[in-house]
Protein chains: 2
Amino acid sequence: MEARKIILTEDEMPRQWYNILADIKMNPPLGPDGPVSPDMLAPIFPMNLVEQEVSTERWIDIPEPVLDILRIWRPSPLVRATALEKALDTPAKIYYKNESVSPPGSHKPNTAVAQAYYNKEFGIEKITTETGAGQWGSALAFACSQFGLECKVYMVRISFDQKPYRKSMMATWGANCVASPSTETQSGRDVLAENPDTPGSLGIAISEAIEAAVSDESGKTRYSLGSVLNHVLLHQTIIGLEAKKQLEKIGEYPDIIIGCAGGGSNFAGLAFPFVLDKINGKEVEIYPVEPAACPTLTRAPFVYDHGDYAQKTPLLPMYSLGHRFVPPPVHAGGLRYHGMAPTVSQLVSEGLLEAKAVGQLATYKAGLLCARSEGIIPAPETNHALACVVDEAMKAKEEGKEKVILFNWSGHGLLDLMAYDKYFSNDLINYELSDEELQESEKIFENFPKPELLKSV
Amino acid sequence: MEARKIILTEDEMPRQWYNILADIKMNPPLGPDGPVSPDMLAPIFPMNLVEQEVSTERWIDIPEPVLDILRIWRPSPLVRATALEKALDTPAKIYYKNESVSPPGSHKPNTAVAQAYYNKEFGIEKITTETGAGQWGSALAFACSQFGLECKVYMVRISFDQKPYRKSMMATWGANCVASPSTETQSGRDVLAENPDTPGSLGIAISEAIEAAVSDESGKTRYSLGSVLNHVLLHQTIIGLEAKKQLEKIGEYPDIIIGCAGGGSNFAGLAFPFVLDKINGKEVEIYPVEPAACPTLTRAPFVYDHGDYAQKTPLLPMYSLGHRFVPPPVHAGGLRYHGMAPTVSQLVSEGLLEAKAVGQLATYKAGLLCARSEGIIPAPETNHALACVVDEAMKAKEEGKEKVILFNWSGHGLLDLMAYDKYFSNDLINYELSDEELQESEKIFENFPKPELLKSV
């Protein structure tokens, strides 16, 4: 029998992350008076992470204590999806990186562990953050428990209500989680005053978490973000670096690479090491997949925008639906973000990536097919990647081509089962943003500076 | 860095199960007219599994299609619990077999996959079963989806209410799950008539599932049990066989082996291959751990008793609290069983195993310690093993001995997080069976035959 899983030993784990800033041109983040300098970020992040955020070194060493904790579940398996291939009767060869095997159940702890480590090294005692679906908050709670740090999580209200177990999970790892907007911060109180019934958004929750960090006068609290930023995506590249090693072992290279994209971290984690090859001339198609309900890369403009609702972050060069945009309540909470990682945005603007959008119903259909063939119940976010994988595998069938498809199984759906229930009872709908909504959301950028169209390649 | 996980490749997976019936003497199961013959079980189980149930071959080949599906997650990692050792400051070396990595999250699919395969081979189209906490029902739902079989699950009412996500999980794999007692069977209706508010029990749910199987006139439905029976425990021995190989790789052999025990399957799966060594003269302590609320091995008599409430099963030689016993509603639903596997019972009666009982609060305390050190949130059942591991590690510390402890991390607790919530809010209590309750429960055996005290060694 051919092995289902291509396994690496702990010794074969990558010892360095890949930093794509070494290989692409970027518009700088902007503060009120021009480009942001590292010291302006010091109240928000520990300086060692700020330095990593702006570094242009191509390879950055993974500290030993970080590796030691990643080894609880890493290297993650690369799996040949033979059962899915059979179910689709496709000539395509489908591989996935199974990031659902981590204790919190997703790829998120890859960076949570690194961030907790750097905060601890810098003398920080407490970390605040936001979370959408809860994957990120859980991951940071897990990481903080490993390093003995206090952890406070602001969870988008609609996900908090849909997924009560997430709060329990964070509590089990010792973290405190509240629904956002909360009454604990000025940002939260302002939103509630305007709209008491808001489902919340990642943008609002980020504002709350930053406020809570910078307003702690002890100086021992910092904020942590689970996606979007350069250092976060950097930490995720261990996924793609492992996948490359694993594919090399069996003499394969992907024709198509697919990952779901909300802020961009699981997508970039898998894709960036292959983007490097593409920059160097290799032929490979790379598709970030987003919800049609929150079509940042596929329909929004490439602009300078704030990462959060209350404009607490610098202006970032990215595709954005506007920092006041509150996405429809799709169950893939992790993809309900108005913006996108600047690095992913830059690559899309250059045509190095080709973004796709899928409707909610197609994602659950694909997810169910995978649960019943490959056996693992996927997270609602992962279902977006799966819908695209199914499309590409069927195209390969039509074309009669043995394409090699690689995708990221970013997490399991064991804490999202209520969403599957709703799918079964036909209570889920396809949200699609109208042109009017889109135009309305764009007004917010009118007086903002515009990013340059840079060409890295 | 020393590896945290000792890994086997798919090629190194055991190709045979270990059958302990080759090495111990057993009282036979009894029907109304004496020992049960295989054909009497034919309406309940497919004959290929009945033959396996009574086989005394020491090694039984694992069919290739079963191995193929087990490879989705197997071989499971053997993990050195360095973080727990550090948290306890113990000289003991603690290893665990991580069975939480399967798609349903426990050891249960090891036998579910095998049983689904044998049923399919025999031409069966639908399988009925019971489930306590939901781990078994989920595992069988998963296995049936892999083989295209219909699956019906009767879930103990209290767990059904405590854990609504379990039903969704089974539905995602295409299975139908109802609360037991249900109105769908005569057994269920009888119990409800007598006690409409019953929390249910595994014994009642088993009666319902057997009735549903044998009353299907098409002849294409059979019943499946997730523990207790010889063939079920046989399929679980892959756990211990892998663990032995993994320990051999690092030159270790355990001084103490620990597993939680409800019906006995995860315990036996890890322990039986080592029991073989013990029978052959090796020194090793082996501890099944049960809830003080349901103290079958530690306080109940060794008797002949039915496996289910409605006396649909033969009389089995086992430690039992009586087939009408409804255990207190501890959250470890998988351990709420009135009896115990006959093979485990036989070994306890001979003194080859030393059973332990632990209170509910101690199990969550230990579980939380492990969640925050090793990083994985344990199932409430696993917490019973953990409480015993912590005790033994502390004893080793007092004695200053570098004992090697091996235990089975039987499942994760991601669908049991509400129980952790209750622990945090002090809503969990220690149930302990009183002597009066125990004496009362024993009356039921008065007119039953008594098992012989056999000596295998």
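Every chain begins its residue count from 1, and numbering advances along the sequence as written. The lettering of chains begins at A and the numbering of ligands begins at 1, in the order of writing. This being a predicted model, a pLDDT of at least 70 is required before a residue's local features are given, and a value of 80 or more before pairs of side-chain atoms are given or counted; all residues contribute to the totals for chains, interfaces and linings. The basis for every side-chain value is the complete set of heavy atoms in the structure, and neither hydrogens nor water enter the calculation.

So, on to the sheet that holds strand E8 (residues 126-131) of chain B. Sheets are built from strands paired through backbone hydrogen bonds, the pairs being either parallel or antiparallel. All names here are of chain B. Pairing within the open sheet is parallel, and its four strands lie in the order E10-E9-E8-E11. In the strand order of this sheet, the two ends are held by strand E10 (176-180) and strand E11 (221-223), each with one partner. Between one strand and the next, the sheet's axes are offset by a mean angle of 20°, whatever the strand orientation. If DSSP finds at least two bridges between two strands, the strands pair. Numbering goes from the N terminus for both helices and strands, where a helix is a DSSP run of H or I of at least four residues and a strand is a run of E of at least two. The sheet contact formed by E8 and E11 spans three bridges and is parallel. If you follow Lys-126 over to E11, its bridge partner there is Thr-221. Axis lines are fitted through C-alpha atoms, for helices just across the contact stretch, and the angle between N-to-C directions can take any value from 0 to 180 degrees.

Now for the domain arrangement of chain A. All names here are of chain A. Domain annotation of chain A identifies domain 1 (18-63 + 107-229) and domain 2 (73-105 + 231-445). Where each domain begins and ends is defined by an automated method or by a domain database. On a C-alpha basis, the centroid separation for the pair domain 1 and domain 2 is 21 Å. Each side of the interface is counted separately: domain 1 has 62 residues, and domain 2 has 58 residues. Regarding the contact of domain 1 and domain 2, the summed buried area is about 5000 Å², with carbon and sulfur atoms giving 65% of it. A pairing counts as a salt bridge when a side-chain nitrogen of Lys or Arg comes within 4 Å of a carboxyl oxygen of Asp or Glu. Our enumeration of links across domain 1 and domain 2 arrives at one salt bridge. We note a salt bridge from Asp-416 to Lys-163, for which the minimum N-O separation is 2.7 Å. Side-chain atoms alone can form a polar contact between residues adjacent in sequence; in general such a contact is a pair of N or O atoms within 3.5 Å, and within protein one must be able to donate a hydrogen while the other accepts it. Taken together, the links from domain 1 to domain 2 amount to 26 residue pairs in polar contact (both at pLDDT 80 or more). By definition, residues are in contact when any of their heavy atoms lie within 4.5 Å. What gets called buried area is simply the loss in accessible area from a 1.4 Å probe that two parts show on being joined, summed for both.

Turning our attention to the packing of helix H8 (residues 186-194) of chain B against helix H9 (residues 202-214) of chain B. Between two packed helices, the angle of one axis relative to the other and the distance separating the axes together describe the packing. All names here are of chain B. At a closest axis distance of 7 Å, the pairing of H8 and H9 adopts a crossing angle of 145°. Residues Gln-186, Ser-187, Gly-188 and Val-191 of H8 form the contact with H9, whose own contacting residues are Ile-204, Ser-207, Glu-208 and Glu-211. Here the nonpolar group is Ala, Val, Leu, Ile, Met, Phe, Trp, Tyr, Cys and Pro; Asp, Glu, Lys and Arg are the charged ones; every other residue, Gly included, is treated as polar. For the contact of H8 with H9, the class distribution of residues is two nonpolar, four polar and two charged.

This part is about the relation of the copies chain A and chain B. Placing chain A over chain B gives an RMSD of 0.0 Å and needs a rotation angle of 180°, together with 0.0 Å of translation along the axis. Between the two chains, the operation in question is that of a two-fold axis. When the interface residues of chain A are mapped onto chain B, 100% of them again lie at the interface, so the same face is used by both copies. Each copy is superposed on the other by least squares, with the fit set by C-alpha atoms of residues at a pLDDT of at least 70 in both.

This part takes up the state of the cysteines. The term disulfide refers to a covalent linkage connecting the sulfur atoms of a pair of cysteines. Residue and element names in this part refer to chain B. In plain terms, two cysteine sulfur atoms within 2.5 Å form what is called a disulfide here. For the structure shown, the criterion picks out zero disulfides over all chains. The thiol of Cys-144 is unpaired, and the distance to the nearest cysteine sulfur, on Cys-151, comes to 4.1 Å. Classification of Cys-144 as buried rests on a relative accessible area of 1%. Any residue under 20% of the maximum accessible area for its type is buried, any over 50% is exposed, and the rest in between are partly exposed; the area is computed with a 1.4 Å probe on protein chains only. Assessed through its relative accessible area of 5%, Cys-151 is described here as buried.

With that out of the way, let us pick up the environment of Pro328(A). Residues and elements named next belong to chain A. Positionally, Pro-328 belongs in the loop between strand E15 (315-319) and helix H14 (342-349). Taking C-alpha positions, Pro-328 is 18 Å from Leu-192, a pair spaced 136 residues apart along the chain. In this structure Pro-328 touches Ala-293, Arg-336 and Tyr-431, once residues within four positions along its chain are discounted.

Residue Pro75(A) is reached from Arg74(A) by a cis peptide bond, and omega for that bond is -5°. Along the polypeptide, Pro75(A) turns up in the loop between helix H2 (64-70) and strand E6 (78-80). Of note, the amide linkage connecting Ser180(B) to Pro181(B) takes the cis form, showing an omega dihedral of 5°. Relative to the helices and strands, Pro181(B) is located in the loop between E10 and H8. Of note in the backbone geometry, Val228(A) takes a positive phi value of approximately 70° without being a glycine. Residues other than glycine seldom take positive phi values, yet Asn426(B) does so here, at roughly 60°.

You can read pLDDT as the predictor saying how much it trusts each residue, on a scale of 0 to 100. For chain A, per-residue confidence averages 96 on the pLDDT scale, and residues scoring 70 or more make up 100% of the total. Here the predicted complex carries an ipTM of 0.95, next to a pTM of 0.96.

All names here are of chain A. Any two of the Phe, Tyr and Trp rings considered here, Trp counted by its six-membered ring, make a pair once their centres fall within 6.5 Å; the pair's planes then place it as stacked at under 30 degrees, edge-to-face at over 60, or tilted in between. By the definition in use, this model includes 29 aromatic pairs over all chains. Judged by centre distance (5.7 Å) and plane angle (50°), the ring pair of Phe-45 and Tyr-223 falls under tilted. On the criterion of sequence distance, the pair formed by Phe-45 in the loop between strand E4 (34-35) and helix H1 (47-54) and Tyr-223 in strand E11 (residues 221-223) is long-range, its members being 178 residues apart. Comparing Phe-45 with Tyr-223, the two get one shared label, buried.

Residue and element names in this part refer to chain A. Among the five residues of E15, five are classified as buried, and the element is accordingly described as predominantly covered. Burial along E15 is two-sided: the face carrying Leu-315, Pro-317 and Tyr-319 and the face carrying Leu-316 and Met-318 are both buried. Here strand E14 (residues 302-306) runs beside E15; their pairing, made up of five bridges, is antiparallel. When the sheet's bridge partners are listed, Val-303 is paired in E15 with Met-318.

Residue and element names in this part refer to chain A. One open sheet accounts for seven strands, arranged E1-E6-E7-E17-E12-E13-E16; its pairing is mixed. This sheet does not close on itself; its edge strands, each paired only once, are strand E1 (5-6) and strand E16 (356-358). Both strand E7 (residues 93-98) and strand E17 (residues 404-409) contribute to a ladder of six bridges, which runs parallel. Looking across to E17, one finds that Tyr-96 is bridged to Phe-407. Relative to the sheet, helix H11 (residues 238-249) contacts E1, E6, E7 and E17, its axis offset from that of E7 by approximately 140°.

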